[in-house]
Amino acid sequence: MSQRVLTTESGAPVADNQNSATAGAGGPLLLQDQHLLEKLARFNRERIPERVVHARGSGAYGHFEVTDDVTEFTYADFLSTVGRRTEVFVRFSTVADSLGGADAVRDPRGFAVKFYTEEGNYDLVGNNTPVFFIKDPIKFPDFIHSQKRDPFTGRQEPDNVWDFWAHSPEATHQVTWLMGDRGIPASYRHMNGYGSHTYQWTNSAGEAFFVKYHFKTNQGIRCLSAEQAAETVGRDANSHQTDLLQAVERGVRPSWTLYVQLMPAAEADGYRFNPFDLTKVWPHQDYPLRRVGRLVLDRNPDNVFAEVEQAAFSPNNFVPGIGPSPDKMLQGRLFAYADAHRYRLGVNHTQLAVNAPKATTAQNYGRDGLMASNAQGRAAKNYEPNSYDGPAETGRPLSAPLAVAGHTGTHAAPPHTKDDDFFQAGELYRLMSAEEKSRLIANIAGGLSQVSRDDVIDKNLAHFHAADPEYGRRVAEAVRALRED
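Right, let's walk through the structure included here.

What counts and how
Residues numbered from 1 in each chain as written. Predicted model: local features only at pLDDT ≥ 70, side-chain atom pairs only at ≥ 80, totals over all residues. Heavy atoms only, no water. Core = buried A, V, L, I, M, F, W, Y, C linked by side-chain atoms within 4.5 Å. Buried < 20%, exposed > 50% of the residue type's maximum accessible area, 1.4 Å probe, protein only. Helix = DSSP H or I, 4+ residues; strand = E, 2+ residues; numbered from the N terminus. Contact = heavy atoms within 4.5 Å. Salt bridge = Lys/Arg side-chain N within 4 Å of Asp/Glu carboxyl O. Phe/Tyr/Trp six-rings, centres within 6.5 Å; stacked < 30°, edge-to-face > 60°. Lys NZ or Arg CZ within 6 Å of the ring centre and 35° of its normal. Axes fitted to C-alpha atoms, helices over the stretch in contact; angles between N-to-C directions. Parallel < 35°, antiparallel > 145°, perpendicular 65-115°, else oblique. Left-handed = near helix turned anticlockwise from the far one by under 90°. Nonpolar A, V, L, I, M, F, W, Y, C, P; charged D, E, K, R; others polar.

On to the nonpolar core. For soluble globular proteins, the rule of thumb is that nonpolar side chains tend to be buried together. Grouped together as the largest cluster of nonpolar side chains are 41 residues, with contacts concentrated most on Phe-133, Trp-162, Trp-165, Leu-448, Tyr-471 and Val-475. Residue assignment for this core shows that the elements contributing at least two residues are helix H2 (140-147), helix H3 (158-166), helix H4 (172-179), helix H9 (423-431), helix H10 (434-448), helix H11 (454-467) and helix H12 (469-484). Apart from residues no more than four positions distant in its own chain, Val-475 is found in contact with Ile-441, Ile-444, Leu-448, Leu-461 and Phe-464. Within the second largest apolar cluster, 38 residues are counted, among which are Ala-76, Phe-115, Leu-297 and Val-319.

Structural data, given as structure tokens:
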């Protein structure tokens, strides 16, 4: 077989890839060395801005197979037939650290699924926790700023982390999750995934149901203690990436069973918790889990940058039969996720292979922009409606409309009977075994004891006490003991 020829980006053959062109044997470099300039300029641009959150990620391809009939609740085509399979791409991630951070750290995990359906891509963007720290998107930039590296010290600061939580009592539930035994998953394969937000399903009769997604790992839950995590990071900072890559390469085929909780839309107003509050769960005795199907991963990406780093998920990518709810955090993310990708990857990021539809073809009037590759025929029109057989609207909404009433303004969500910030955090604490409680207390105290201001510590202690008096007392005692050492 003849040797393939090295070329420039434009396809011209390269004569010398070892020596730059100079003015004489020992002279300065020449501006005319197109190959040198192209290589350096290309190299300078190999990295794109990393995600502000969920920067450190891993991913794999696979499929989702429907195992149970849910057509009573949604007319989504990819869920319409038992046995039907849909190709998927799943991206897992840590949240707070940068692209160069370690995997085995105490942090929520992103759990994002892109379903390549025949009616377009459906993106389900969630975490490995069923709740989150805040309930309103206007607080999200402040929350992330408090968790990321401090602009002066260049490191994550306990003062910032706990000061934000001190002023955000609704975070108590998620803090209890994060500081508990499930705060550091042993691998991406050994954790659950949740849609976290409340979404909406609509059936063929136009009836609406609010829905929460639960992906239960079939590998079993496995987590690391703080000591085990430190050892793991020292041994392999890429531990979760390594585990996922090797498992799929060995043919292990990690899998999750998808369950949903379904609430008839008419029941939402009278429910004892605000069903659209991201800091709350729906107890299973109220809305039991209903099995839907099985998610299986069986193929690694060929190129991590092209397929994991450039993967773009947005919760506004719905398909017919599925839509949003009044969940404020979801509503904010409907804009923010897509806008982040337009900034990071460009306006045509949806044309990249990992993001483009696979089971159908995107047909719209978006044109041009950076890296446009959707060139149309010379007579194709770029407006709608038109008289030239261009793609046209269907007139059928993707989901049922959401009812609205009242005046515009910066309103707090209307209260429900159990809508305080601490009840569910206390319920979670009381569900824990004695050993789990002890580890939770130690994890919280380890961070809170490093805070420099007594008033910030006291505000956080008040939150834990409000969740459960024993919880608050034990955290206070543990913090005091550590500060006296």
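It is worth spelling out the pattern of salt bridges at this point. All chains considered together, the criterion is met by 28 salt bridges. For Asp-77, the salt bridge identified is with Arg-84, shortest N-O distance 2.7 Å. Under the relative-accessibility criterion, Asp-77 is labelled partly exposed at 24%. Ionic pairing is found between Glu-309 and Arg-344, a salt bridge with its closest N-O pair at 3.0 Å.

On to the packing of aromatic side chains. With the rule as written, the count across this model stands at 31 aromatic pairs. Geometry around Tyr-388 places Lys-381 over its ring, the cationic atom sitting 4.5 Å from the centre. Note that Lys-437 overlies the ring of Tyr-429, its terminal NZ or CZ placed 4.7 Å from the centroid.

In this section: the packing of H11 against H12. Relative placement of two packed helices is described by the angle separating their axes and the distance separating the axes. Following both chains from N to C, one finds H11 and H12 inclined at 150°, their axes separated by 5 Å at the closest point. The pairing of H11 with H12 is recorded here as roughly antiparallel in orientation. In this structure, H11 meets H12 at a crossing whose hand is right-handed. Across the interface between the two elements, Asp-454, Ile-457, Leu-461, Phe-464, His-465 and Ala-467 from H11 touch Pro-469, Tyr-471, Gly-472, Arg-473, Val-475, Ala-476, Val-479 and Arg-483 from H12. Of the residues contributing to the contact of H11 with H12, the split by class is nine nonpolar, two polar and three charged.

Limitation: the analysis is restricted to geometry and does not speak to function.
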